[in-house]
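Geometric and topological summary
Residues per chain, in single letters:
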Amino acid sequence: QVQLVESGGGLVQPGGSLRLSCAASGSIFSNYKMGWYRQAPGKQRELVAAILSGGSTNYADSVKGRFTISRDNANNTVYLQMNSLKPEDTAVYYCNARRQFGSVLVGMDYWGEGTLVTVSS
């Protein structure tokens, strides 16, 4: 079992920055692929960014060059640095974890409860 707790959401003006954090507990954090997803009102949940246990990252095209995902295995935490925020980034952001064996993902997805990011003037 993995427990995930997000923090760092809030209201920010367009062009501003926020850093989201996700604290994980319950298992060996370094063995998990970690990701950030978001869900805007009336839309499906979508992948924002992910980081593998070895540190490789991937991003949605809509956030490339603006968002950065990183992980601190010593503190069981994954971060999402969001810069140059746009109104269309407004959503509930969810932390995700999935067990990773080599290049293979196994088992179930774990989710946090989400943190709301609102980009508005």
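Whatever comes next refers back to the structure up there.
What this report covers is the structure whose coordinates are included nearby. No experiment lies behind these values; they were computed from the predicted model shown.

This brings us to the state of the cysteines. Inspection of the entire model under this criterion finds one disulfide. Here Cys22 pairs with Cys95 through a disulfide, and the sulfurs are 2.1 Å apart. Here the disulfide of Cys22 and Cys95 is left-handed, its torsion about the S-S bond being about -85 degrees. Pair noted here: Cys22 is in strand β3 (residues 18-25) and Cys95 is in strand β9 (residues 91-101), with a separation of 73 residues, a long-range link. For the pair formed by Cys22 and Cys95, the shared burial category is buried.

Okay, the pairing of strand β10 (residues 104-111) next. Direction of pairing for β9 relative to β10: antiparallel, over a ladder of five bridges. Bridge pairing links Phe101 to Val104 in β10. Between β9 and β10, which pair antiparallel and follow one another directly, the connecting turn spans two residues, one of which, Gly102, has a positive phi of 60 degrees.

Cut-off values and rules
Residues numbered from 1 in each chain as written. Predicted model: local features only at pLDDT ≥ 70, side-chain atom pairs only at ≥ 80, totals over all residues. Heavy atoms only, no water. Disulfide = S-S within 2.5 Å. Helix = DSSP H or I, 4+ residues; strand = E, 2+ residues; numbered from the N terminus. Buried < 20%, exposed > 50% of the residue type's maximum accessible area, 1.4 Å probe, protein only. Pairing = 2+ DSSP bridges.

Purely geometric numbers; function is a separate question.
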